[in-house]
Every structure is written in C-alpha cells, then in structure tokens.
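One letter stands for each residue in the lines below.
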Number of protein chains: 2
Amino acid sequence: MRTQRGASLTYGLLETLGQSIVIGDFDKNGFPTEAELCIRFGASRTVAREAVKMLTAKGLLSARPRQGTKVEPIAHWNLLDPDVTRWLMERQYSNKIYREFTEVRLAIEPVAAALAAQRANKAEIRAIRDGLNGMRNELHDHDAALAADIDFHVAILKASGNPFFLQLRALINTALRISIGLTNKIAGHTASIPAHEAVLVAIENGDAVGAEKAMRAILLESLELLASFQPETAH
Amino acid sequence: MRTQRGASLTYGLLETLGQSIVIGDFDKNGFPTEAELCIRFGASRTVAREAVKMLTAKGLLSARPRQGTKVEPIAHWNLLDPDVTRWLMERQYSNKIYREFTEVRLAIEPVAAALAAQRANKAEIRAIRDGLNGMRNELHDHDAALAADIDFHVAILKASGNPFFLQLRALINTALRISIGLTNKIAGHTASIPAHEAVLVAIENGDAVGAEKAMRAILLESLELLASFQPETAH
DNA sequence: TACATAAATTTGTAAGATAAAATAGCTCGT
DNA sequence: ACGAGCTATTTTATCTTACAAATTTATGTA
C-alpha cells in the first residue's frame, strides 16, 4: 500500500505525526514546538524538522518563527494526498467520511468509465476483465476478492487515459476497504459481480453512456446498502 | 494565490525545483545530488534537504542512500496538490493538460452543483450569486471578471458540503485562467453568464438534476469552444 | 499614556561530523 | 573462469552545535 520508501526515522515520525494530527491529538494543546517534538518522540532536530516540512507540504501544518507550528484547519489539508487519505481511513470509521468518499467516487468513476469506453485499448480492457475475473474466482477469500475489486476500479481509471483520475486510487482503495469490510457481513460480496460485469461489457462495446450508468449504479447501490444497515456514528 | 508561507530560502528552492521538475529539466541528466544542489543553487544542505523532502511528500521525488535522488514518473506525482497544479499551469500551455483539467471538472462540478442544490443554505447561495453578479458587473475588467468566475465555481464546491470537492479549487483556478485567457480573445466572457445563471437558479430551486445539467453545459461548451479554435499543440 | 527599545521565544539557516545503505570492485580459493 | 565473501566508495540519513531572523512580550522613558 504505502510506497516503498524505507522505514527511516523521518518517515516513521511522519506517519506518527500524520495519524495523530488527523485523529485530533493536538487540537487541545496545540502542536508541540521543535524542541518538544524532539523530546516527546526521541528524535533529533533534523528528523523532527523534516517530518514537519513534509506535513507542511501536505497542508496539515504551518510554521512561522516565534509563532510556532500549528495544525491547519482541515479545509487546508491536501485531502486527496494518498498519505492523508490513508490516515483518514486509519482513524475510527465514520459514516460521514464514507459518504464523502463515495460522493467523490460517484463524480469521478462514472466519467472515467465513459472515457474508458471511448478510449480503452485491448490491454486496458484485459486489465479490467482480469479484475472482474479475480472477483469471480475468489468468492471465499475476502482479501483476494477485495484486491481484485480494487484492481477492477483502478484499471478503469487507468483506461480513462486521464492521469488526474488515477490520483483517486488511494481514496478508492480506502473506500472499498471500508465498504467491503461492512458489506461482507451483510450480503456478501458476490452480489455486485453482475453490476461490475455490466460496466465491463459497456466499455468493451464502446458504450460510454452505458458504462457511465452502470458504474453509477454500483456506487449508488453500495451507498444505499451501507446507509440502510449502518447507523450514523458521530465523528 | 500561493499560501502565505514566507519567501524563505527553503520555499524558494521548493518553487524553483518544483517548476524545473515539471518542465522536465532533470529528465536528461537525472536529479542532482545533495552536494550538487547546494552548489548549483547556492543553498545549504539543510535547505536543499528540506526542499527535497517536501517534493518527496508531493510525490515528485524519491531518495535513497547511495542511489541518489530521482524524479518519479508523472503517474506518481500528487497531481491534485495545489502546488503541483500551479507548476503544471506555469509551464507552457498545452491543449492536452487543458482537456485533462476540464475532464476532471466535468466529473466533479456537475455533481457538486447537484449536491449544492440539495444542501446549500442561504449564505452559500448568496456566495454563489455574488460570484455571478461579479461577472455581470465587471464586463470590461478581465481580471475582475475572472476572479468573480472563480468565486462562482468555488462557492458551488463549498456549497456541496463535501470538503473533498473543495480540493479541486486550485485546479479550477488554473483551468479558468487558461480558458479565460483564450476565450476572451474569441467570443468574450459575457456569453457564459446566462449559463451560469441557469446553474444558480437551479440550485436556488433545489433542482439537483437541473443544476447538474446546467453545470455540465458550461463545461462542455468551454471545452468545445476551445477545441474548435485552438490547434492541438504538442507537449 | 505613548512610543521606542530591549529581551525572549521559536523557527530558519549553516556547517561539520558520523552512521547507514547500497553499489561496485576486488581477493581468493576452487 | 567462477562465485563467495570482504573492502572501498558513493550518497543519503542522522546528530550536534552555533548563529540568524522574525515576531511577540516586556521594559523603560519622556
């Protein structure tokens, strides 16, 4: 999931701080000063500063001399940054964030499917079909089925030919993990296979409108299924 | 435009390197080593390292001992990062990137408008209307009209209630600047005002479907107008 | 009080030294 | 010639110390 990038001290602190910020650990007392960071996390100033700089680059922090380092309001966070998305997932689940994720998917994925129907080449279609077949073949293995499901959706983003759409793979990854984790307990995963197949067929036929509708149907159903079974939890 | 954050040496180098990477300056000879960076840009190692770390956080670079620092393939860049978006804009214009930007807008903004129609409160609707009125009142001043146009679209993203949509404001900002710069030379800016008004009216009436269609019409027209007048330039 | 000045706090920058990782090259035994 | 293992080299990673700059707070003086 996470890019290779070694488990260095800096990246370790980046993870720790990123998760803590997203959870809201610093909302009460404010973000620690450099010196405090070094003490509380046993880090050198170099490591502390570079981790803070990376979090600044992701919009989570801002720092100024004398004034200190502070957590930016969530409106300033780069929410589509893969790390930020993952940190959001790793904190306690909430229906709100799941709904927001799905609204984004509901905007992007149908359009991506429509573009894929117009542009996908054979290799890209094969990748999409491989994802679908993976879902079919792994009915008992939840993890494998989830991976195949993700592959299916990411393959469509790729086939859209628009690199910006592909930026949402981390978000889709996250949303699907949440979704599968819950829907598995309800109706199982197999129900959505025909819906996925409809998307593939439309793309194969170059049917942009059909692909768009079929993809929208998948997401709407997922959203409704979840809303009906899961009580809204505060967060 | 750019967040306040001082014109420190680190941020200056971040800008310089970010632009250079996006332009492709390091594609031939590879990215400089830390020591070379310090020499070529007159920076201390501290500054060089922190700038590189921020670019790493945005997905543009990766660094490993002995192997050096290298530019990641564009598929790895955080394209929706506001800085990256801006750097993409600041390099030479190309129809390709404009089309890609508009495809993203075509996915997000109609859905945002539909959600706004369902959820917008009075203050949010007023912000949208202020944008429209700004467009009306600044027919002669291109810069002011552009700012008002941006305000209109961003106000709708806000009114959608989904913070993830708002992440695209930098991209919309960029796309509109490109668009206006070109369409002004053609048909002027005023032609789109009725189309914008249609979006506002639909949102005021709580007409989600109408808002979605009206917004899609704006973007499609902008895309077609541009495609018909601007030859495809390589990049 | 008002204004200027000094002090204190926190991040920003610089520089030097050492550690760690990863590659390249070399030695040696077979 | 060949491969295992050791050595050297390159480059980033980390640590430390020192000083500069920015900004707020405190102080002192007219």
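As the structure is a computational prediction, the values presented were derived from the model and not from experiment.

**Let's talk about the nonpolar core**
Of all hydrophobic cores here, the largest spans 153 residues; its most connected members are Ile156 of chain A together with Ile156 and Ile203 of chain B. Contacts of Ile203 of chain B, omitting those with residues within four sequence positions, involve Ala113, Ala116, Ala117, Ala120, Ile125, Ile128, Ile156 and Ala211 of chain B.

**Some remarks on the pairing of strand β1 (residues 61-64) of chain B**
All names here are of chain B. Sheet analysis places β1 next to strand β2 (residues 68-71), joined by four bridges and oriented antiparallel. Bridging across to β2, Ala63 finds its partner in Thr69. Count of turn residues in the β1/β2 antiparallel hairpin: three residues, of which Arg66 carries a positive phi of about 70 degrees.

**Digging into the protein's contact with DNA strand D**
Near DNA strand D, the surroundings consist of 21 residues, among which Leu9, Thr10 and Ser44 of chain A together with Thr33 and Arg66 of chain B are the closest. Separating a phosphate oxygen of DNA strand D from a side-chain N or O atom of Thr10 of chain A is a distance of 2.5 Å. Contacts to DNA strand D include Arg64 of chain A, whose side-chain N or O atom sits 2.9 Å from a phosphate oxygen. Those elements that provide at least two residues to the surface near DNA strand D are α1 (9-23) and α3 (45-57) of chain A together with α3 (45-57), β1 and β2 of chain B.

**Re the packing of helix α5 (residues 95-119) of chain B against helix α7 (residues 142-159) of chain B**
Residues and elements named next belong to chain B. Two elements in contact, α5 and α7, have axes whose closest approach is 7 Å; the angle formed by their N-to-C orientations is 60 degrees. Here α5 lies oblique to α7, going by the angle between them. Our pair here, α5 against α7, has a crossing hand that is left-handed. Packed against α5, whose contacting residues are Arg105, Ile108, Glu109, Ala112, Ala113, Ala116 and Arg119, the element α7 presents His153, Ile156, Leu157 and Ala159 at the interface.

**Quick notes on the protein's contact with DNA strand C**
Taken together, the neighbourhood of DNA strand C is formed by 21 residues, with Thr33 of chain A together with Leu9, Thr10, Ser44 and Arg64 of chain B sitting nearest. Sugar and phosphate atoms constitute 67% of the interface atoms of DNA strand C, taking the interface as everything within 4 Å of the protein. Interatomic distance of 2.7 Å between a side-chain N/O atom of Ser44 of chain B and a phosphate oxygen of DNA strand C. Elements that contribute at least two residues to the surface near DNA strand C include exactly α3, β1 (61-64) and β2 (68-71) of chain A together with α1 (9-23) and α3 of chain B.

**So, the relation of the copies chain A and chain B**
Mapping chain A onto chain B leaves a residual RMSD of 0.0 Å; the transformation is a rotation of 180 degrees accompanied by 0.0 Å of translation along its axis. Put plainly, the chains are arranged around a two-fold axis. A share of 100% of interface residues in chain A that are also interface residues in chain B marks the association as one of identical surfaces.

**Some points on α5 of chain B**
Residues and elements named next belong to chain B. The first and last C-alpha atoms of α5 sit 35 Å apart over 25 residues, in line with the 36 Å expected at 1.5 Å per residue. At Leu106, α5 shows its strongest bend, of approximately 25 degrees, with the proline Pro110 following within four residues. Counting buried residues in α5 gives 21 out of 25 residues, a clear majority hidden from the surface.

**With respect to the pattern of salt bridges**
A full pass over the atoms with the stated rule returns 32 salt bridges over all chains. Residues Glu50 of chain A and Lys53 of chain B are paired through a salt bridge, measuring 3.9 Å at the closest nitrogen-oxygen approach. Here Lys53 of chain B lies in helix α3 and Glu50 of chain A lies in helix α3, a pairing that spans two chains. For the pair Glu50 of chain A and Lys53 of chain B, one class covers both residues: buried. Across the pair Arg105 of chain A and Glu109 of chain A runs a salt bridge whose closest N-O atoms are separated by 2.5 Å. Note that Arg105 of chain A and Glu109 of chain A are positioned in helix α5 (residues 95-119) at a spacing of four residues, about one turn of the helix. The class of Glu109 of chain A is buried, set by a relative accessible area of 1%. When salt bridges that share partners are traced, they join Glu15, Lys58, Asp81, Asp83, Arg86 and Glu90 of chain A into one network.

What counts and what doesn't
Residues numbered from 1 in each chain as written. Chains lettered and ligands numbered in written order. Predicted model: local features only at pLDDT ≥ 70, side-chain atom pairs only at ≥ 80, totals over all residues. Heavy atoms only, no water. Core = buried A, V, L, I, M, F, W, Y, C linked by side-chain atoms within 4.5 Å. Buried < 20%, exposed > 50% of the residue type's maximum accessible area, 1.4 Å probe, protein only. Contact = heavy atoms within 4.5 Å. Pairing = 2+ DSSP bridges. Helix = DSSP H or I, 4+ residues; strand = E, 2+ residues; numbered from the N terminus. Near = heavy atom within 4 Å. Polar contact = N/O pair within 3.5 Å; in protein donor to acceptor, adjacent residues only side chain to side chain. Axes fitted to C-alpha atoms, helices over the stretch in contact; angles between N-to-C directions. Parallel < 35°, antiparallel > 145°, perpendicular 65-115°, else oblique. Left-handed = near helix turned anticlockwise from the far one by under 90°. Least-squares fit on C-alpha atoms with pLDDT ≥ 70 in both. Expected span 1.5 Å × (residues − 1). Bend = angle between axes of the 7 residues up to and from the residue. Salt bridge = Lys/Arg side-chain N within 4 Å of Asp/Glu carboxyl O.

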